[in-house]
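Per-entry structural report
So the chains spell out like this:
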Amino acid sequence: MDGVQPKTRIDKLVGDHARALSERLQAHREQLFPPNAKRVLRKFTSGEVAELLGVKDAYLRKLDLDGRGPSPETRAGGRRYYSPSDIQALREMLEKGAKAPGTYLPGRRDGDHLQVITVINFKGGSGKTTTAAHLAQKLALDGYRVLAIDLDPQASLSALHGVQPEFDLPDGGTIYDAIRYDDPLPVRNVIQKTYFTNLDLIPGNLDLMEFEHTTPMALRERSGNLFFTRIGDALAEVEEDYDTVVIDCPPQLGFLTMSALSAATAILVTVHPQMLDVMSMCQFLLMTSNLLSVVADAGGSMDYDWMRYVITRYEPGDGPQNQMVSFMRSMFGENVLNHPVLKSTAISDAGITKQTLYEIEKAQFTRSTYERALESLNSVHAEIEGLIQAAWGRKGS
C-alpha cells in the first residue's frame, strides 16, 4: 500500500549498528594506539615517585648520585622521570633496608589471606568500573601484586586496559573459560599481563553471559561444583601470586555476581548520591541480602573483612547531593568511606582515550582540576588500603 513504511527487522538493524560501531571503535583505537605499537604506561616524575614511596624527592636524587637503584631519565630542565618498573625496583631495594617490614612492599606476608575486593552496584552510571580500574591501578603503583577481573559482559574495565573484546578475544579468554561446567581451563590460561607493573587482568566479553545460561541447567542436573564456589575455586589456583584481587561485577544480580560475592573478602558498593540512585540501591541491597541468604543456607561463606559504600561522582556544591551524603552517613555510619570521589572533567576526559587519571599526562589538564581529582581518588584509596592492612592485622586502618 502506498505511503506505508516497510517494517524494519530489529535484529538486522541492531546487528548492522553493532558492526558499524565496532569498526569505528577499532579505527579509533588504532588511531590512538597503532596495532603494532605496544601500549605502555607513562613515566612518573621524581616528585610523583617520592610521594608514592613516602620519601623526599631529595632522597631519590641522593640515591641516584650514589649509584643506588635505577637511574632516572633526565629531561629538559633537569626533570627526572622513572618508569613503573623503576618504581618497583626502588621499592625492592628500599625494603631491604627498611626498619619496619612492609614499609615499601606492603603486600601479604606469611599467614595473610588474599584480599578479594568485589565492586558492585545495580545501576549504571554509579562509577563502578572507573572505581575498580583506579583502585586496581593505585594498589599496583603502591607495590601490591594485583589481579583485576572483568566480570561485566560489556567489558568496560577491559577496554580501559587496552582490550577490545570483539577483536582481541575472538576465541574466549575470559574467566568463563575457567569457571564453565564443561572442561574448564586453568585460570592461569586467561590471565594477561598489563602495561602496569604489578597488575594482571582477566578481561571480559559476551562469553560471560553463558554462565548465566548454563548455571540453571547445572543446578537442575546437580553437575559440577555449586555455582557460587566457582570463582573462589579458580582464584585458589593462583592466590599465592597476588596480594589483592579487584573484581568489577556486572550491574545485575545474576549467578556471576553471586559467585563473585561468595569469593570476596571485602565489598565496595559505589553510590551516586542522588535520590533515584539511592532508591535503586535500596532495592539492590534487599535483593542481594535475600539471594546471599540462599547461598549461605547452601553452605556459601558469608564472612567478610569489610564492606564500604563509596560516594562517586560527588559535586560538593550540589545541595541535594550533600543532603543525600549526610543521610547515608547517618544511616550507615562508618560503613561509608570518609572521602568521596569527586565528579571531575579530568576523570571523564581521560576516559575518552580509554585511560585513567593515573595514566594520563597531567599537562593535558588545568593543574587545579587534575590535582583536585587526583587528591580525591588517592584519599579514597588510602582508606581502602588501611582496611586491607587492618584485615591482615596491621596498623593503619
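Everything discussed here concerns the structure shown above.
A brief look at the structure comes next. Bear in mind that the values here come from a model prediction, so they are computed numbers and not experimental data. (Residues numbered from 1 in each chain as written. Predicted model: local features only at pLDDT ≥ 70, side-chain atom pairs only at ≥ 80, totals over all residues. Heavy atoms only, no water.)

Thoughts on unusual backbone geometry
For clarity, the threshold we go by: For helices the rule is a DSSP run of H or I covering at least 4 residues; for strands it is a run of E covering at least 2, with both sets numbered from the N terminus onward. Partly exposed describes any residue whose relative accessible area lies between the buried limit of under 20% and the exposed limit of over 50%, with all areas from a 1.4 Å probe on protein chains only and scaled to the type maximum.
In this structure, Asp-183 takes a positive phi of about 55 degrees despite not being glycine. Mapped onto the elements of the fold, Asp-183 is located in the loop between α8 (176-179) and β6 (192-193). Taking the relative accessible area as the measure of exposure, Asp-183 reaches 62% and is therefore exposed. Phi at Arg-313 is positive, roughly 50 degrees, even though this residue is not glycine. Along the chain, Arg-313 turns up in the loop between β10 (306-311) and α13 (319-332). Judged by relative accessible area, which is 30%, Arg-313 ranks as partly exposed.

Considerations on the nonpolar core
In plain terms, the rule: By nonpolar core we mean a set of buried residues, namely Ala, Val, Leu, Ile, Met, Phe, Trp, Tyr and Cys, connected to one another through side-chain atoms within 4.5 Å. When checking whether two residues touch, look at their non-hydrogen atoms; a contact exists if any pair is within 4.5 Å.
If you look at the biggest cluster of nonpolar residues, it comprises 57 residues, and the most contacted ones within it are Leu-60, Leu-268, Leu-357 and Ile-384. No other element matches helix α15 (residues 367-391), which puts eight residues into this core. Leaving out residues up to four positions away in the same chain, Ile-384 has contacts with Ile-117, Leu-135, Leu-268, Trp-306 and Leu-337. In terms of nonpolar packing, the next biggest core, distinct from the first, is built from 51 residues, Leu-114, Ala-218, Val-325 and Met-328 among them.

Digging into the side chain of Gln-88
Assignment of secondary structure puts Gln-88 in helix α4 (residues 84-96). Residue contacts for Gln-88: discarding those within four places in its chain leaves Leu-105, Gly-143, Thr-197 and Asn-198.

Quick look at the sheet that holds strand β3 (residues 80-82)
Short version of the rule: We treat two strands as partners when DSSP finds at least two bridges between them. Every axis corresponds to a line fitted to the C-alpha atoms, with the helix fit spanning only the stretch in contact, and the corresponding angles, defined between N-to-C directions, vary from 0 to 180 degrees.
With antiparallel pairing, the three strands of this open sheet are ordered in space as β1-β3-β2. In this open sheet, the two edge strands, each paired with only one partner strand, are β1 (44-45) and β2 (73-74). The pairing of β1 with β3 spans two bridges and is antiparallel. Across the sheet, the residue bridging to Phe-44 is Tyr-82, located in β3. Across the face of the sheet, α4 comes into contact with β1 and β3 while running at roughly 85 degrees to β3.

What to know about a nonpolar patch on the surface
Selection rule: Only residues whose relative accessible area exceeds 30% and that form no salt bridge are eligible for patches; like-charged ones are grouped when within 9 Å, while nonpolar side chains (Val, Leu, Ile, Met, Phe, Trp, Tyr) are grouped when within 5 Å. Here the open area of atoms and residues is found with the Shrake-Rupley method and a 1.4 Å probe, where only the protein chains shown may cover a residue. The salt bridge criterion pairs a side-chain nitrogen of Lys or Arg with a carboxyl oxygen of Asp or Glu, the two atoms within 4 Å.
Nonpolar side chains collect at one region of the surface, where Met-275, Leu-276 and Met-279 lie side by side and expose about 340 Å² of accessible area between them. In this fold, Met-275 is placed in helix α12 (residues 275-297).

Quick notes on the packing of helix α11 (residues 255-263) against α12
The condition that has to hold: Each angle gets one of four labels, with under 35 degrees taken as roughly parallel, over 145 as roughly antiparallel, 65 to 115 as roughly perpendicular, and the rest as oblique. Each helix crossing is assigned a hand: it is left-handed if the near helix lies turned anticlockwise from the far helix by less than a right angle, otherwise right-handed if that turn is clockwise.
Running from N to C, α11 and α12 cross one another at 70 degrees; their axes reach a closest spacing of 11 Å. Relative to α12, α11 is oriented roughly perpendicular. Between α11 and α12 lies a crossing of right-handed hand. Mapping the contact onto sequence places Met-258, Leu-261 and Ser-262 in α11 and Thr-288, Leu-291, Leu-292 and Val-295 in α12.

Observations concerning the side chain of Asn-121
Examined against the element boundaries, Asn-121 turns out to sit in the loop between β4 (115-120) and α5 (128-141). On the basis of relative accessibility, which here comes to 4%, the residue Asn-121 falls in the buried class. Those residues within four positions of Asn-121 in sequence are excluded, and the remaining contacts are Ser-126, Lys-128, Pro-250, Pro-251, Val-269, Thr-270, Val-271 and Phe-284.

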